[in-house]
Amino acid sequence: MKSNNLMSKNFWKELRRPILALAPLAGFTDSAYRQLCARYSAQVLYSEMVSATALFYDSKESLELIKFNRRLEKNYVVQLFGSNPAHFAKAVRIITQKVRPAGIDLNCGCPVKKVLQQGAGAALMKDIKRTREIIKVILANTDLPLSIKLRAGNGQMDASKFLKELSDLDIKAVMIHGRTLAGGFSGEVDLELIKNVRPYFKGVILANGGINTPADIKRVLKTTGADGVGIARGALGNPWIFSLKERPKNKSEIFKVILDNAKLVKKLKGEAGLIELRKHLVWYVNGLAGASHLRAELVKVKTLKDLKNILNNSLNNK
Ligand SMILES: Cc1cc2nc3c(=O)[nH]c(=O)nc-3n(C[C@H](O)[C@H](O)[C@H](O)COP(=O)(O)O)c2cc1C
């Protein structure tokens, strides 16, 4: 399928190195947070994962979830999860025609039970036949560049073997979460394994897992030789990381960015969006003096005015 020619270029090739990407985080990487991270130089912005099956059944909520601002979210990638090739065919056509992001990503790493039970997410790493079928269907239904996100391994299948099995397919980039499925979200990140993938994959490689500071970015790039990194939890409450800066120590600097984030949310979702912002607020105040008291207040925020009051009180009490 051909869409708008402008959109069909392989943007991955044009990015400066190292590539710093905001990794997909369900419930967090909404348009407001992506826009904020872009202001701090995040070069690639992943959506929250969206169900190919939900899009197949014309879910308006799912379509709403992946909308974006073309001007403020350059290099936006929509991530799909699922296991039914026919659902991917339609989902990908919808995304290509109605959303027109810079790229489409296939989730081969999600460890959530409900996702694994439907044969999706990290379960795809153990089902090469199905994964190949899904990738072929995606490629046949879009001209947007395809990337995949995978884990270090699932059982006997590791990232290198998996990518070798897919090497004839036109995958432009991969983000490798250096933990196995068994490692969940806290196991050891295997940087050597990411490094060893290079002979098996010709496109862009992004290393992911446990990157929380600019020093981590440098260390991971050096050890893996990857083209860039995907930053997930390390970017929560911490957009500064994309500018290779430490998270500020002083409250007023952090609070200013909290308000920037809140204003973006209000603009995009109205005042009701402030409730969704609560989970971000908790990350922003992590480690600050008086954080536990602040957290208790912030999880009750309903309006921008509430938020401003809480932050002002906190500054005045020091
Ligand atoms: C709350 C949460 C939501 C996530 N949602 C997604 C998702 O939608 N798609 C995906 O591929 N990975 C998802 N991940 C995995 C992250 O993208 C990333 O691979 C993982 O957290 C390791 O990176 P980190 O150590 O920088 O957090 C999620 C992780 C967390 C903690």
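Worth saying up front: this structure is predicted, and the values here are computed from it rather than measured. (Residues numbered from 1 in each chain as written. Predicted model: local features only at pLDDT ≥ 70, side-chain atom pairs only at ≥ 80, totals over all residues.)

1. Points about the overall build of the protein
- On a plain count of helices and strands, the protein comes out with 13 helices and eleven strands.
- Taking 20 Å as the expected radius of gyration for a compact globule of 318 residues, we find that the protein reaches 19 Å, a close match to that expectation.
- The principal-axis extents of the C-alpha atoms in the protein amount to approximately 60 × 40 × 35 Å.
- Within the protein, the fraction of its 318 residues that count as buried is 48%.
- Pairs at least 24 apart in sequence give 68% of the contacts found in the protein among residues at least 6 apart. (Helix = DSSP H or I, 4+ residues; strand = E, 2+ residues; numbered from the N terminus. Rg over C-alpha atoms; globule rule 2.2 N^0.38 Å. Buried ≥ 20, exposed ≤ 12 C-beta atoms within 10 Å, placed from the backbone. Contact = placed C-beta atoms within 7 Å.)

2. Brief notes about the site of the ligand
- The environment of the ligand is formed by 22 residues, the closest being Pro 24, Ala 26, Met 49, Ala 232 and Arg 233.
- Classifying every residue of the shell around the ligand gives ten nonpolar, nine polar and three charged. (Near = placed C-beta within 6 Å. Nonpolar A, V, L, I, M, F, W, Y, C, P; charged D, E, K, R; others polar.)

3. So, the nonpolar core
- By size, the foremost hydrophobic cluster in this structure holds 102 residues, and its most contacted members are Ala 21, Val 174, Ile 176, Leu 206, Val 229 and Ile 231.
- A per-element tally of this core places helix 10 (residues 251-269) first, with six residues.
- Both domains that meet at this core, namely domain 1 (5-243) and domain 2 (251-317), each give it at least three residues.
- Setting aside residues no more than four positions away along its own chain, Ile 176 makes contact with Leu 150, Ala 152, Ala 159, Ile 194, Val 197, Ile 205, Ala 207 and Asn 208. (Core = buried A, V, L, I, M, F, W, Y, C linked by C-beta atoms within 7 Å. Domains from an automatic or database assignment.)

4. Description of the packing of helix 1 (residues 31-39) against helix 10
- It is the contact of helix 1 with helix 10, at a shortest axis distance of 9 Å, that shows an interaxial angle of 135 degrees. Here helix 10 runs oblique to helix 1, going by the angle between their axes. Considering the relative orientation of helix 1 and helix 10, their crossing is right-handed. Across from Ser 31, Ala 32, Tyr 33, Gln 35 and Leu 36 in helix 1, the residues of helix 10 making contact are Asp 260, Asn 261, Leu 264, Val 265 and Leu 268. (Axes fitted to C-alpha atoms, helices over the stretch in contact; angles between N-to-C directions. Parallel < 35°, antiparallel > 145°, perpendicular 65-115°, else oblique. Left-handed = near helix turned anticlockwise from the far one by under 90°.)

5. Section: the environment of Thr 142
- Within the fold, Thr 142 resides in the loop between helix 6 (128-141) and strand 6 (146-151).
- Look at Thr 142 and you get buried, because 24 C-beta atoms sit within 10 Å.
- Considering only alpha carbons, one finds Thr 142 and Phe 81, 61 residues apart in sequence, at a separation of 16 Å.

6. Details of the domain arrangement of the protein
- When cut into domains, the protein gives domain 1 (5-243) and domain 2 (251-317).
- For domain 1 versus domain 2, the separation of C-alpha centres amounts to 29 Å.
- Of the residues lining the interface, ten residues belong to domain 1; the matching set on domain 2 comes to eleven residues.

7. Here's the deal with helix 1
- Extensive coverage of helix 1 is indicated by the burial of eight of its nine residues.
- Within helix 1, the full set of buried residues consists of Ser 31, Ala 32, Tyr 33, Arg 34, Gln 35, Leu 36, Cys 37 and Ala 38.
- Ser 41 sits one or two positions beyond helix 1 and adopts a positive phi of about 85 degrees.

8. Description of unusual backbone geometry
- Residue Pro 18 is reached from Arg 17 by a cis peptide bond, and omega for that bond is -10 degrees.
- Of note, Pro 18 is situated in the segment before strand 1 (19-22).
- A positive phi angle, near 60 degrees, is found at Leu 244, a position not held by glycine.
- Inspection of the secondary structure assignment puts Leu 244 in the loop between strand 11 (228-231) and helix 10.

9. Some details on the confidence of the model for the protein
- Per-residue confidence for the protein averages 96 on the pLDDT scale, and 97% of its residues sit at or above 70.
- Contacts from residues 1-7, a stretch scored under 50 in pLDDT, to residues over four places away or in other chains number 14 contacts. (pLDDT = per-residue confidence, 0-100.)

10. Re the packing of helix 4 (residues 85-99) against helix 6
- The geometry of helix 4 relative to helix 6 is characterised by a closest axis approach of 9 Å and an angle of 25 degrees between their N-to-C directions. For the element pair helix 4 / helix 6, the angle class is roughly parallel. Crossing hand, helix 4 versus helix 6: right-handed. For the pair helix 4 and helix 6, the contacting residues are Pro 85, Phe 88, Ala 89, Val 92 and Arg 93 in the first and Glu 133, Ile 134, Val 137, Ile 138 and Asn 141 in the second.

11. Re the pairing of strand 10 (residues 204-208)
- Burial of strand 10 is extensive: five of the five residues sit out of reach of the surface.
- A two-sided burial pattern is seen for strand 10, the buried positions comprising Val 204, Leu 206 and Asn 208 on one face and Ile 205 and Ala 207 on the other.
- Where strand 9 (residues 171-177) and strand 10 come together, five bridges link them in parallel fashion. Of the residues in strand 10, the one forming a bridge with Val 174 is Ile 205.
- Pairing between strand 10 and strand 11: three bridges, direction parallel. (Pairing = 2+ DSSP bridges.)

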